[in-house]
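# Residue-level structure breakdown
Listed here are the chains, written in short residue letters.
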Number of protein chains: 2
Amino acid sequence: MAATSPRRRDATKTRQLLLEAALQRFTRDGYAATTVRDIADDAGVNVALISRYFKSKEGLFEACLTSSVDEVRRTNGDTPLSRTPEAIARQIAGPCTEGLPHHLVLLLRSSGDESADRIRLDLLRSYGQRLSVAAGWPEDDEEMLLRAQIVLAAATGIALLRTKSGLEPLASATAEDLVPPLRDLIDALLKRP
Amino acid sequence: MAATSPRRRDATKTRQLLLEAALQRFTRDGYAATTVRDIADDAGVNVALISRYFKSKEGLFEACLTSSVDEVRRTNGDTPLSRTPEAIARQIAGPCTEGLPHHLVLLLRSSGDESADRIRLDLLRSYGQRLSVAAGWPEDDEEMLLRAQIVLAAATGIALLRTKSGLEPLASATAEDLVPPLRDLIDALLKRP
DNA sequence: GTACTTGGTAAACAGATGTTGACTTAAAAA
DNA sequence: TTTTTAAGTCAACATCTGTTTACCAAGTAC
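Every residue gets a number counted from 1 within its own chain, in the order that chain's sequence is written. Going through the entries in the order they are written, you letter the chains from A and number the ligands from 1. Local features in this predicted model are restricted to residues whose pLDDT is 70 or higher, and side-chain atom pairs enter the listing and the counts only when it is 80 or higher, whereas totals over whole chains, interfaces and linings include all residues.

## A few points about the overall build of chain A
Broken down by element type, chain A carries nine helices and zero strands. Here a helix means four or more residues in a row that DSSP labels H or I, a strand means two or more in a row labelled E, and each is numbered from the N terminus. If you list the helices and strands of chain A from N to C, you get α-α-α-α-α-α-α-α-α. For every residue, the other C-beta atoms within 10 Å of its own C-beta are counted; 20 or more classify it as buried, 12 or fewer as exposed, and values in between as partly exposed. C-beta atoms are placed from the backbone. Taken across its 193 residues, chain A has 41% of its residues classed as buried. For every residue pair, C-beta atoms are placed from the backbone, and the pair is scored as a contact if these atoms sit within 7 Å. Partitioning the intrachain contacts of chain A with sequence separation of at least 6 by distance along the chain shows that 68% fall at a separation of at least 24.

What follows is the structure, given as structure tokens:
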């Protein structure tokens, strides 16, 4: 089957549609406030297909989470510290204007499921460590790890506050607006003396 | 009725019990994931009393929100900038060890209700403004207001990450651990040149 | 003690929600 | 064309959730 002739019935395509719709809903409204019927309607497919392709609502949530984790890893993978403020600013500010979901915000959503929580924790931990190391600190420096995690927390907090409350001027600040303060923040927390 | 001889049937007392239980649940699990039966069980009272004393689940949530807003206003009311890091650190770190709810985290919870969202937004806005002014900036400085709101976002992000994910060392950092990085963060974002 | 007010309880309700199984139909294989 | 496989639909289910109503009982006033 050539990629140019799309089947009218395409399992992978509808799976993708469901994943994207779920990503948006879960990120914006959280796990509990989102119904499978909402997601299915957004995707324009039948509700029963969620159970078919993802086994359950929780399965779909986990799929969203891993997809989001991959995206974050891919986007901010090997950014040097000097470019971290821009990377974070783009991560925070970019999606809001493009209608895409905030990957960082999804990381704060919880289904109460244990395996989902582990996925989330793994990313947060490794990302914090990467940040600390990128700043030029030894891997086992607990104090700097704490500071790196505070940077992470700040980034997620900003992303969340932007989407949840229309707090101005934060809510509609552009990536360019966010870079200078983020640079100050990151420098203050991670810069070597 | 003397305060020393508690009535076995005390409306204000059970109202308070419900409020405290709800505060804890809403803060920890969010609005949608919390059921009125959970709250009633925690408080050790009948479910129907929620509708009686707070009209509805949303009414109870709003009561929690205003109570939390008052608490935040009372605690961090007129703190000068020099003592802000300690105040925030205590706000973030204190409750976690005492089993009390994180007022900052509740501010990120949403019921989808409009009036609740306005309460939340009002506090965030005024708090951001107060922070900017406390740092010695004119009230209408948009750029500094943005920076103040980023401080606010960082604080809430930290509080949220501490409660939601067991991200170490952030999750079990004491108030004393948090003060130095928070001071660096606040100084970097708000200090006059 | 009796009447009355009020705090509390229990059961039932209507609607929503996640999930399942039987059925239909489009596409591919024969 | 006929058969077979897979994608999608539909309706029902069991359960959960917020709310209401009717009822009970403790405390107060008479």
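## A closer look at the interface of chain A and chain B
As a measure of interface size, the accessible area lost when the parts come together is often cited. Contacts between chain A and chain B engage 37 residues on the former and 37 residues on the latter. Counting residues per element, the ones that place at least two in the side of chain A that touches chain B are helix 7 (114-134), helix 8 (142-164) and helix 9 (175-190) of chain A. Each residue belonging to the side of chain A that touches chain B can be placed in one class, and the counts come to 21 nonpolar, seven polar and nine charged. Polarity classes work like this: nonpolar for Ala, Val, Leu, Ile, Met, Phe, Trp, Tyr, Cys and Pro, charged for Asp, Glu, Lys and Arg, and polar for all others, with Gly in that last group.

## Here we look at the nonpolar core
As used throughout, a nonpolar core is a set of buried Ala, Val, Leu, Ile, Met, Phe, Trp, Tyr and Cys residues joined through C-beta atoms within 7 Å of each other. One finds Val151(A) and Val151(B) to be the most contacted residues of the largest nonpolar core, which totals 106 residues. Residue contacts for Val151(A): discarding those within four places in its chain leaves Leu131(A), Leu185(A), Ile186(A), Leu189(A) and Leu190(A).

## Focus: the relation of the copies chain A and chain B
When the copies are superposed, the least-squares fit takes in the C-alpha atoms of residues with a pLDDT of at least 70 in both. Mapping chain A onto chain B leaves a residual RMSD of 0.1 Å; the transformation is a rotation of 180° accompanied by 0.0 Å of translation along its axis. What the rotation and shift describe, once combined, is the action of a two-fold rotation axis. Here 100% of the contact residues of chain A are again contact residues in chain B; the copies associate through an equivalent surface.

## Some details on the protein's contact with DNA strand C
Here is the check we use: build the C-beta atom from the backbone, and if it is within 6 Å of the molecule or strand, call the residue near. Near DNA strand C you find 20 residues, and of these Arg8(A), Thr35(A), Ser56(A), Asn46(B) and Ala48(B) are the closest. Residue assignment for the surface near DNA strand C shows that the elements contributing at least two residues are helix 2 (36-43) and helix 3 (48-54) of chain A together with helix 1 (11-29) and helix 3 (48-54) of chain B. Looking at the surface near DNA strand C residue by residue, the class counts come to eight nonpolar, five polar and seven charged.

## What to know about unusual backbone geometry
Of all residues except glycine, most have a negative phi; of all peptide bonds, most are trans. Residue and element names in this part refer to chain A. In the segment running from Glu 168 into Pro 169, the intervening peptide bond is cis, with an omega of 10°. Looking at where Pro 169 falls in the secondary structure, it is placed in the loop between helix 8 and helix 9. Phi is positive for Lys 55, close to 75°, though the residue is something other than glycine. Position of Lys 55 relative to the elements: it lies in the loop between helix 3 and helix 4 (57-75).

## With respect to the protein's contact with DNA strand D
The local shell around DNA strand D holds 20 residues, among which Asn46(A), Ala48(A), Arg8(B), Thr35(B) and Ser56(B) are the closest. Within the residue set of the surface near DNA strand D, elements represented by two or more residues are helix 1 (11-29) and helix 3 of chain A together with helix 2 (36-43) and helix 3 of chain B. Counted by class, the surface near DNA strand D contains eight nonpolar, five polar and seven charged residues.

## Section: the confidence of the model for chain A
One confidence number per residue, pLDDT, is output by the predictor and ranges from 0 to 100. Of the residues in chain A, 91% have a pLDDT of 70 or more, and the chain-wide mean is 87. The model gives residues 1-5 of chain A a pLDDT under 50, and that stretch makes one contact with residues more than four places away or in other chains.

## Focus: helix 9 (residues 175-190) of chain B
Residue and element names in this part refer to chain B. If you check helix 9, its first and last C-alpha atoms are 21 Å apart, about what 16 residues at 1.5 Å a residue would give, namely 22 Å. Consider a residue and the seven residues that end there alongside the seven that start there; fitting an axis to each set, the bend is the angle between those axes. The largest bend in helix 9 comes to about 25°, at Pro 181. Inspection of helix 9 places Leu 178, Pro 181, Leu 182, Leu 185, Ile 186, Leu 189 and Leu 190 among the buried residues, and these make up the whole buried set. Any helix carries an expected span of 1.5 Å times its number of residues minus one.

## Topic: the packing of helix 1 of chain B against helix 2 of chain B
Residues and elements named next belong to chain B. Where helix 1 contacts helix 2, the axes come no closer than 8 Å and their chain directions differ by 125°. One element, helix 1, and the other, helix 2, form an angle in the oblique class. Judged by the twist between their axes, the crossing of helix 1 over helix 2 is right-handed. Only Asp 38, Ile 39, Asp 42 and Ala 43 of helix 2 make contact with helix 1, whose side of the interface consists of Leu 17, Leu 18, Ala 21, Ala 22 and Arg 25. Class assignment of the residues belonging to the contact of helix 1 with helix 2 gives a composition of six nonpolar, no polar and three charged. Axis definition: a line fitted to C-alpha atoms, limited for helices to the stretch in contact. Angles are taken between N-to-C directions and run from 0 to 180 degrees. Should an angle fall under 35 degrees it is taken as roughly parallel, and over 145 as roughly antiparallel, whereas 65 to 115 is taken as roughly perpendicular and any remaining angle as oblique. Crossing handedness is read from the near helix: turned anticlockwise from the far helix by less than a right angle, it gives a left-handed crossing, and turned clockwise, a right-handed one.

## Section: the packing of helix 1 of chain A against helix 4 of chain A
All names here are of chain A. The N-to-C vectors of helix 1 and helix 4 enclose an angle of 85°; their axes lie 9 Å apart at closest approach. By the angle between their directions, the pair helix 1 and helix 4 is classed as roughly perpendicular. Contact with helix 1, carried on its side by Leu 18, Leu 19, Ala 22, Leu 23 and Phe 26, involves Leu 60, Phe 61, Ala 63, Cys 64, Ser 67 and Ser 68 of helix 4 and no other residues of that element. Taken together, the residues of the contact of helix 1 with helix 4 break down into nine nonpolar, two polar and no charged.

## What about the environment of Ala63(B)?
Relative to the elements of secondary structure, Ala63(B) occurs in helix 4 (residues 57-75). For the pair Ala63(B) and Ala22(B), spaced 41 residues apart in the sequence, the C-alpha separation amounts to 9.5 Å.

## Here's the deal with the environment of Pro80(B)
Relative to the helices and strands, Pro80(B) is located in the loop between helix 4 and helix 5 (84-98). The sequence separation of Pro80(B) and Ser172(B) amounts to 92 residues, and the corresponding C-alpha distance is 27 Å.

## Comments concerning the environment of Asp41(A)
Structurally, Asp41(A) is set in helix 2. Through-space distance from the C-alpha of Asp41(A) to that of Ala21(A) is 8.8 Å; in sequence the pair is 20 residues apart.

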